[in-house]
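Each chain, written out:
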Amino acid sequence: MKRRISILTTSVAALALVACSSERSVSPASTPTSAASTTTVGSTTPETTLPATTETPTTVGPSTTVPSGGWVEIDVSTYPAPLAFPCCASNWYGVPSPALPAAGAPLADGAYLISFDWPDEPSLPITAEVSRLESCNVLPAGSCEENGGGSYMDDEMGVDTDSTYQLSLTLDGSLQVVLGGFTGGDSTNTFAMGTGTDLAALLSAVDADYQTAILQPHADGMSRDQIIDMLTTEPAYGFGPPAQPYAGALAYTFDGAPPLLFQSLPGVDEYDESPDPRGSNVLGRISLLVEGGQLTLTVYSGFYS
């Protein structure tokens, strides 16, 4: 039976379930490209249903420009774009994306999926691939997860693979970013808004700290369990135990950003043999929201079950 992605936990037992990878790619296979854009902007994210956080956060509207220099917690209960990858035989949820424009034309207001690789140097331009969300009832058979009923709910979405749109992004102060991380409790995932500049600093830090705290000890002969035990007992380089037991291997904190949950350790776990293991691998690129010319990129490193 298909269900919406669960990025909430209600008990320790639920956390012990095998998690879906947060490093899945949004890019469909053999997707033709319609056009390339050279506009440098921000992006959006896929939709997820979340309750309000247990504490009263300082909030800003998703379309409000956040001053540079810090992450501000936001309420995403009505956020109009996906926030995390689908999991567990589920589909995307939301509304169809607008039609993709011709080369050089701006994206229309709406929510899209986005895919790209993190650059080795966060200040370098990123070439991203933007795809449309479309109703599962409209897409060809096989485009969405089967539900056994032959039809889908109105808000069940799949990826339109007929065309994609190339977009140039720079992680600077003009780009808004919504970041999801894991904080435990009744509302296990916290979302905060910052800028591309804040995200670039986080990427640089987590890559450097992951190399020092995890990859180097592993290269020196330490096992996965020894590394986790060491950093759980004596947190270092931003790494420590996750906010809730059994949620994952480790959590990473930096400069007020929501904690990044490492449910696996790239380059260390046998089932996560990334060709280029980096700490930033844990940050999933989810969606792009366009509102009045402002782009918001949604990035997620919270809990998957």
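The structure we're discussing is the one just above.
Residues numbered from 1 in each chain as written. Predicted model: local features only at pLDDT ≥ 70, side-chain atom pairs only at ≥ 80, totals over all residues. Heavy atoms only, no water.

Draft legend 1. Region of the structure containing the overall build of the protein chain. Looking only at helices and strands, the protein chain has three helices and 13 strands in total. Across the 305 residues in the protein chain, those meeting the buried criterion constitute 53%. Counted over contacts in the protein chain with a minimum sequence separation of 6, partners at least 24 positions apart contribute 73%. Carbon and sulfur atoms provide 52% of the accessible area of the protein chain, an area that totals close to 13,000 Å². (Helix = DSSP H or I, 4+ residues; strand = E, 2+ residues; numbered from the N terminus. Buried < 20%, exposed > 50% of the residue type's maximum accessible area, 1.4 Å probe, protein only. Contact = heavy atoms within 4.5 Å. Areas by Shrake-Rupley, 256 points an atom, 1.4 Å probe, with all protein chains shown as cover.)

Draft legend 2. Molecular detail of unusual backbone geometry. In this structure, Cys-88 takes a positive phi of about 60 degrees despite not being glycine. Here Cys-88 lies in the loop between β2 (72-73) and β3 (92-93).

Draft legend 3. Highlighting the pattern of salt bridges. Summed over the entire model, instances satisfying the criterion amount to six salt bridges. For Arg-132, the salt bridge goes to Glu-134, with nearest N and O atoms at 3.0 Å. Here Arg-132 falls in the buried class, since its relative accessible area comes to 10%. For the salt bridge of Asp-269 with Arg-224, the shortest nitrogen-to-oxygen distance reads 2.2 Å. Taken as a pair, Asp-269 in the loop between β11 (260-262) and β12 (284-291) and Arg-224 in helix α3 (residues 224-233) lie far apart in primary sequence, 45 residues in all. In the salt-bridge network here, residues are joined through shared partners; they are Asp-120, Asp-207 and Arg-278. (Salt bridge = Lys/Arg side-chain N within 4 Å of Asp/Glu carboxyl O.)

Draft legend 4. Highlighting the environment of Leu-260. For Leu-260, the position within the fold is in strand β11. Here Leu-260 falls in the buried class, since its relative accessible area comes to 0%. Distance from Leu-260 to Leu-250, taken between C-alpha atoms, is 8.5 Å for residues 10 residues apart in sequence. With sequence-adjacent residues up to four places away left out, Leu-260 is seen in contact with Leu-179, Leu-202, Val-206, Leu-250, Ala-251, Tyr-252, Val-282, Leu-283 and Ser-301.

Draft legend 5. How the structure looks around the sheet that holds strand β9 (residues 239-240). If you walk across this open sheet you meet the three strands as β9-β10-β11, and the pairing is antiparallel. Where the open sheet ends on each side, the last strands, each with one partner, are β9 and β11. Pairing between strand β10 (residues 250-252) and β11: three bridges, direction antiparallel. The residue of β11 that forms the bridge with Leu-250 is Phe-262. (Pairing = 2+ DSSP bridges.)

Draft legend 6. Examining the environment of Asn-137 more closely. Along the chain, Asn-137 turns up in the loop between β5 (126-135) and β6 (156-169). For the pair formed by Asn-137 and Tyr-152, sequence separation is 15 residues and the distance between their alpha carbons is 6.0 Å. In this view, Asn-137 contacts Ser-151, Tyr-152, Met-153 and Asp-154; residues no more than four positions away in its chain are not counted.

Draft legend 7. Expanded view of helix α2 (residues 196-219). With 24 residues, α2 should reach 34 Å at 1.5 Å per residue; the first-to-last C-alpha distance of 32 Å fits that figure. Its maximal kink placed at Gln-211, α2 deviates by approximately 40 degrees. (Expected span 1.5 Å × (residues − 1). Bend = angle between axes of the 7 residues up to and from the residue.)

Draft legend 8. Fine view of the nonpolar core. Within the largest apolar cluster, 47 residues are counted, with the highest numbers of intra-cluster contacts made by Leu-199, Ile-214, Phe-239, Leu-260, Phe-262, Leu-265 and Leu-288. The element contributing the most residues to this core is α2, with 10 residues. Formed by 21 residues, the second largest nonpolar core is a distinct cluster that contains Met-157, Ile-286, Leu-289 and Tyr-300. (Core = buried A, V, L, I, M, F, W, Y, C linked by side-chain atoms within 4.5 Å.)

Draft legend 9. Layout of the pairing of β12. When you tally the buried positions in β12, you get seven out of eight residues, the bulk of the element. Relative to strand β13 (residues 294-300), β12 runs antiparallel, the two being bridged by seven bridges. The residue bridging Leu-289 from the neighbouring strand is Thr-296, located in β13. What sits between the antiparallel neighbours β12 and β13 is a turn of two residues, in which Gly-292 has the positive phi angle 60 degrees.

Draft legend 10. Structural context of the side chain of Ser-135. Within the element layout of this structure, Ser-135 appears in strand β5. Look at Ser-135 and you get buried, because its relative accessible area is 9%. Among the polar contacts made by the side chain of Ser-135, one reaches the main-chain amide nitrogen of Asn-137 at a distance of 3.1 Å. In contact with Ser-135, not counting residues within four places along its chain, are Pro-96, Glu-156 and Met-157. (Polar contact = N/O pair within 3.5 Å; in protein donor to acceptor, adjacent residues only side chain to side chain.)

Shape is all these values report; function is a separate question.
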